[in-house]
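For reference, the chains in residue letters:
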Amino acid sequence: AAELARAAAELAGGLIAPPAPVRLGDVVPAPEHVTPDPAADFTLTGDEAIRVDPAGRDVAEQLAALLRPATGHPLPVADTTPGPDGLLALTLSGAPLDAGATGADLGAASGADLGAEGYRLDVTANGVRIVAATPAGLFYGVQTLRQLLPPAVESRTPVAARWTLPGGSIVDRPRYPYRGAMLDVARHFFPVSDVLRVIDHLARYKLNHLHLHLTDDQGWRIAVPGWPRLATVGGVGEVGGGPGGHYTADDYRRIVRHAAARHVTVVPEVDLPGHTNAALVAYPELAPDRVAPPPYTGTEVGFSYVDPASERTYDFVADVLAELAALTPGPWLHIGGDEAFKVKGAAYTGFVERVQAIVAATGKTVVGWHQIAPAAHADGRVLQWWGTTGDDPVTAEAVRRGARLIVSPGNHAYLDMKYAPDTPIGHDWAGLIDVRKAYDWDPGSHVADVSAEAVLGVEAPLWTESVTSLPEIEFLLFPRLPAVAELGWSPRSTHDWAGFRARLAGHGPRWTAAGITFHRAPDVPWP
Ligand code: TNX
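One structure accompanies this document, and this report is about it. (Residues numbered from 1 in each chain as written. Predicted model: local features only at pLDDT ≥ 70, side-chain atom pairs only at ≥ 80, totals over all residues.)

### Structural notes on the overall build of the protein
Item 1. Check the secondary structure of the protein and you find 16 helices and 19 strands.
Item 2. Projecting the C-alpha coordinates of the protein onto the three principal axes gives extents of approximately 85 × 40 × 40 Å.
Item 3. The buried share of the protein, reckoned over its 527 residues, is 53%. (Helix = DSSP H or I, 4+ residues; strand = E, 2+ residues; numbered from the N terminus. Buried ≥ 20, exposed ≤ 12 C-beta atoms within 10 Å, placed from the backbone.)

See below:
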């Protein structure tokens, strides 16, 4: 039928246009307000320029770079001036909208109301306009615009298609300020190019934090001045005995720059005091017995630790965190703290409290896995909760003392869990996580006795004991990452499994066109 409609339209010289193939509400994460206007579909002619306020120029260039390959349109980027018909406009601030632009909610459209990350997108018969208070908001509007075009827009080579957008207005802003994913580059090492591609995947779904798990028993992946053997010795090897590797300061800066250009903040993690075998191989002076252990290529946890009773350990921690702070423009330093089974009681809390003070001295804010909860509160500190029961009195008590929470339930948000018993890679210690399980929970009320206001956001961690390549990363991310992204972005009122799986289904062809590997999960009605 679509084929026929297109043929008819062509015969009529474009006078009888078929409706847009995508509906305005078919966006993931679900927008806050969607007001379709089917009479206002807009089809790119190829003659459009992208007009933008100078401060939004980078976003306009990104939009052009997204659209040019598949459409073959030149899409020059020009400064904002009241343009001719058929324009794509990116507008910063709360400039008044065109009278009668479209439907409802004009009151919510000013830049100020949209907050730091919100946007308004209007598709009218005359063109497309995105309004936001910040470049980040424009960037998220562009991610939405991209989803309103046919899936072939994701092709990197020219496609003959009608590039029609559905008419109407979207007014949108995130539920949480922290929306993240974690990549474990320690159990298996991944080159910079893979990390950059993961950042692209995050940005597509409006996630704004990439947590890098940089160190573990199997490898130390970041160069540290004054401690060269961490990278050159500790960086060698990985689970299963592969070569491993590490990032130089320049590699790490490339990651940070690529992320920043997509409004993603990098959160570096150095896992302490446990998960440190690779550091001990490189510097046995940090080991409790001062003896270098053999390199570790297995998948057990909880056996290694740096000596919490040695001052040398704190020199090491201070140097490592100072380097990460210097390389990291974002506000967070993650100190791990999980599964340090051999550092107990006061030795553990005393260690964590000293490390929290070291982080504070760098000017950054400390994040740790929820095991650090029993340590004293530190200004602004954030706990990352990864339990599986939703009930954790020790974490709840730390929140009452002032901590905020990133919610990463092992049985909903862990991307390394298998989808089903026959999933070829992944774990099942926290259960099987199909798409519905990844989607059907509420970060705002998940952890008992933690108030909704204490929740900073959500994160989906990918541990990589069983993951060795970019296609395997993508297979575990898609389609569950968009599910967690929607929990982080969309208002709770939009939560609806039936609606979500239908919207998500439309993304399969987008991933195929973009060359992204994904799991054809049976609980999603793929076209
Ligand atoms: C637990 S969750 C870990 C990791 C493992 C993961 C495997 C957490 C903070 N620690 O060390 O990689 O399980 O799923």
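### Looking at the pairing of strand β19 (residues 455-462)
Item 1. In terms of residue burial, β19 counts as a mostly covered element, since 8 of its 8 residues are buried.
Item 2. Pairing geometry for strand β10 (residues 178-184) and β19, over 6 bridges, is parallel. Residue Met 182 lies in a different strand from β19, and its bridge partner there is Pro 461.
Item 3. Two strands pair when backbone bridges link them, and strand β18 (residues 404-407) and β19 are joined in this way by 3 bridges, in the parallel orientation. Each residue of the ladder has a partner; that of Leu 405, found in β19, is Val 455. (Pairing = 2+ DSSP bridges.)

### Side note on the pairing of strand β5 (residues 87-92)
The side chains of a regular strand alternate, first on one face of the sheet and then on the other.
Item 1. With 5 of 6 residues buried, β5 lies mostly within the body of the structure.
Item 2. Relative to β5, strand β3 (residues 50-52) runs parallel, the two sharing 3 bridges. Bridging from a neighbouring strand, Val 52 pairs with Leu 90 of β5.
Item 3. In this sheet, strand β7 (residues 127-132) lies alongside β5 in parallel orientation, the contact comprising 6 bridges. By the bridge assignment, Leu 92 is partnered in β7 with Ala 132.

### Things to note about helix α13 (residues 470-477)
Item 1. Here α13 has its buried residues at Ile 473, Glu 474, Phe 475, Leu 476 and Leu 477.
Item 2. Buried residues along α13 sit against α5 (192-204), β19 and α14 (480-489). (Contact = placed C-beta atoms within 7 Å.)

### Topic: unusual backbone geometry
Item 1. Omega for the peptide link from Val 28 to Pro 29 comes to -5°, which places this bond in the cis form.
Item 2. With respect to the helices and strands, Pro 29 occurs in the loop between α1 (2-11) and β1 (33-36).
Item 3. The omega torsion across Leu 272 and Pro 273 is -10°, close enough to zero to call that bond cis.
Item 4. In the Ramachandran plot, Leu 75 falls in the positive-phi region, its phi being about 45° despite a non-glycine side chain.
Item 5. Looking at Leu 75, the number of C-beta atoms within 10 Å reads 21, which means it is buried.
Item 6. Here His 263, not a glycine, exhibits a phi torsion of approximately 60°, which is positive.
Item 7. Within the element layout of this structure, His 263 appears in the loop between α7 (249-261) and β14 (265-272).

### Notes on the site of the ligand
Item 1. Surveying the vicinity of the ligand reveals the residues Val 301, Asp 338, Glu 339, Trp 369, Trp 386, Asp 416, His 427, Trp 463 and Glu 465.
Item 2. The residue makeup of the shell around the ligand, split by class, is 4 nonpolar, 1 polar and 4 charged. (Near = placed C-beta within 6 Å. Nonpolar A, V, L, I, M, F, W, Y, C, P; charged D, E, K, R; others polar.)

### Focus: helix α11 (residues 393-400)
Item 1. Among all positions in α11, only Thr 395, Ala 398 and Val 399 are buried. Across the axial projection of α11, the buried residues extend over an arc of 100°, all falling on one side. Opposite the packed face of α11, turned more than 90 degrees from it, sit the exposed residues Pro 393 and Val 394.
Item 2. Residues of α11 that are buried make contact with β17 (382-385) and β18.
Item 3. Of the residues trailing α11, Gly 402 is marked for its positive phi of about 125°. (Arc of directions from axis to C-beta.)

### Considering the sheet that holds β7
Item 1. Strand order in the open sheet formed by 7 strands is β1-β9-β6-β7-β5-β3-β4, with mixed pairing between adjacent strands. Strand pairing shows two members of the sheet lacking a second neighbour, β1 and β4 (77-79), which therefore form its edges. Going across the sheet, the axis of each strand differs from the next one's by a mean of 15°, ignoring polarity.
Item 2. As defined by bridge partners, β1 adjoins strand β9 (residues 168-172) across 4 bridges and the pair is classed as antiparallel. Paired with Val 34 across the two strands is Ile 170, which belongs to β9.
Item 3. Packing against the sheet, helix α2 (residues 57-71) makes contact with β3, β4 and β5, and its axis sits at approximately 165° to β3.
Item 4. In the packing of helix α4 (residues 135-148) onto the sheet, the strands contacted are β5, β6 (119-124), β7 and β9, and the crossing angle to β7 comes to about 145°. (Axes fitted to C-alpha atoms, helices over the stretch in contact; angles between N-to-C directions.)

Nothing here speaks to function; it is all geometry.
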